[in-house]
Amino acid sequence: MKLHGLEFPDDLLYAPDYNLWLREEEGGAVTLGLTAYGCAVYGQIFAFTPKRDGWHIDCDRSFGVVEFAKAASSARSPLDGTVLASNEAVVRRPGLINQDCYGEGWMVRLKPDDWSAARARFLQGEAALEAFAQRMHLDNFDPDDDGVQALRP
């Protein structure tokens, strides 16, 4: 699925208010990463500093810090859970997030406290695209901005 030229794979779940995607893994883990829209908003990412493995994260609390040109921001979790793993490749080479946000650029893997309850809050398919379109409108996102174009494949 595409929106304003930005990719949103339809096999993932999305938390538009957090600019994150989620993927269910075997064994009950959930992988989180920044969406293509998140990459477009942040621009080039220079550092990602995650919480330590084993750290419990409450919903809406930081699972790490993302540093980009002239600013830094907390990456907030859309669910309660424990950090199982951080992507060490992204810690060493944060540009992987911009290069492959849905693949090698994933950020953390969590063990959710109650995935069956949390899962219903996330969007997929057309519902996710509609929510991102609304968010882009509220953010005054300009899909024709030259900086955004550079992030597109």
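Values in this document were obtained by computation on a predicted structure and should not be read as measured data. (Residues numbered from 1 in each chain as written. Predicted model: local features only at pLDDT ≥ 70, side-chain atom pairs only at ≥ 80, totals over all residues. Heavy atoms only, no water.)

## Overview of the pairing of strand E8 (residues 62-68)
Okay, so step 1: Of all the seven residues making up E8, five are buried; the element is thus mostly covered by neighbouring parts of the structure.
Okay, so step 2: Strand direction decides the pairing type here: E8 and strand E9 (residues 71-76), joined by six bridges, are antiparallel. The residue bridging Gly64 from the neighbouring strand is Ala75, located in E9.
Okay, so step 3: Where E8 folds back onto E9 in an antiparallel hairpin, the turn is made up of two residues, including Lys70, whose phi is positive at roughly 70 degrees. (Buried < 20%, exposed > 50% of the residue type's maximum accessible area, 1.4 Å probe, protein only. Helix = DSSP H or I, 4+ residues; strand = E, 2+ residues; numbered from the N terminus. Pairing = 2+ DSSP bridges.)

## A look at the confidence of the model for the protein
Okay, so step 1: Overall, the prediction assigns the protein a mean pLDDT of 91, with 94% of residues at 70 or greater.
Okay, so step 2: In the model, residues 149-153 has pLDDT below 50 throughout and makes nine contacts with residues more than four positions away in sequence or in other chains. (pLDDT = per-residue confidence, 0-100. Contact = heavy atoms within 4.5 Å.)

## A short note on the state of the cysteines
Two cysteines joined by a covalent bond between their sulfur atoms form a disulfide.
Okay, so step 1: Applying the stated rule across the entire model yields zero disulfides.
Okay, so step 2: Here Cys39 is not disulfide-linked; the sulfur of Cys101 is the nearest cysteine sulfur, at 4.4 Å.
Okay, so step 3: For Cys39, a relative accessible area of 3% corresponds to the buried category.
Okay, so step 4: Classification of Cys101 as buried rests on a relative accessible area of 8%. (Disulfide = S-S within 2.5 Å.)

## Focus: the pattern of salt bridges
Okay, so step 1: Going through the model one piece at a time under the given rule, you end up with five salt bridges.
Okay, so step 2: With a shortest N-O distance of 2.7 Å, Arg23 and Glu25 are connected by a salt bridge.
Okay, so step 3: Judged by its relative accessible area of 25%, Arg23 is partly exposed. (Salt bridge = Lys/Arg side-chain N within 4 Å of Asp/Glu carboxyl O.)

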